[in-house]
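Chain by chain, the residues:
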Amino acid sequence: MAKRETEKRKFRRFRLPVAHYEGRDDKKIHGVSDVLDVSREGFRILSDEPIKKGTILECRINVPDILDIQCQGKVCWSETAEGYHWEGLRFSRIDPGDKAEFLEYAYKIWVAEEKAN
């Protein structure tokens, strides 16, 4: 992400290991990606195909033995890089308790990475 974009972010971003995502409509959008740039409002995934802005994805964010969260994310931006497509998703539905657990885990990962550096 360009520095200009980073500066306008309202919330800190975190990285999580794995997310499974599947389209809510009949277009059969699906895949597996790391969950990147996790924030209070959403996250970013890497897709093999571009996903139309406004598409609602059913997401399962799973970290074995730690997290297993179901949510919906609306594609709010898409950017192509090296043959892949970054998709920015904003939460459109997530249980408040799951969201708190999700963000707490992301924060713990970030703290561990900061200490390692």
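Below, the structure is looked at part by part. Here the structure is a predicted model, which means the values were calculated and not measured.

## A closer look at the nonpolar core
Core analysis: the largest hydrophobic core is formed by 22 residues, its most contacted members being Phe43, Leu57 and Phe102. Broken down by secondary-structure element, the contributors of at least two residues to this core are β2 (30-38), β3 (42-47), β4 (56-63), β5 (67-81), β6 (84-94) and α2 (96-116).

## Topic: α2
Side chains that are three or four residues apart share a direction in an α-helix, a result of its 3.6 residues per turn. Taking 1.5 Å of rise per residue, 21 residues should cover 30 Å, and α2 covers 30 Å from first to last C-alpha, within 8% of that figure. A side-chain oxygen of the first residue of α2 lies 2.9 Å from the backbone nitrogen of Gly97; this N-cap is Asp95.

## Description of the pattern of salt bridges
Using the criterion set out here, one finds four salt bridges in the structure. The partner of Asp37 in a salt bridge is Arg44, and the shortest N-O contact between them spans 2.8 Å. In this structure, Asp37 and Arg44 share a single accessibility class: buried.

Cut-offs used in this document
- Residues numbered from 1 in each chain as written.
- Predicted model: local features only at pLDDT ≥ 70, side-chain atom pairs only at ≥ 80, totals over all residues.
- Heavy atoms only, no water.
- Core = buried A, V, L, I, M, F, W, Y, C linked by side-chain atoms within 4.5 Å.
- Buried < 20%, exposed > 50% of the residue type's maximum accessible area, 1.4 Å probe, protein only.
- Helix = DSSP H or I, 4+ residues; strand = E, 2+ residues; numbered from the N terminus.
- Expected span 1.5 Å × (residues − 1).
- Polar contact = N/O pair within 3.5 Å; in protein donor to acceptor, adjacent residues only side chain to side chain.
- Salt bridge = Lys/Arg side-chain N within 4 Å of Asp/Glu carboxyl O.

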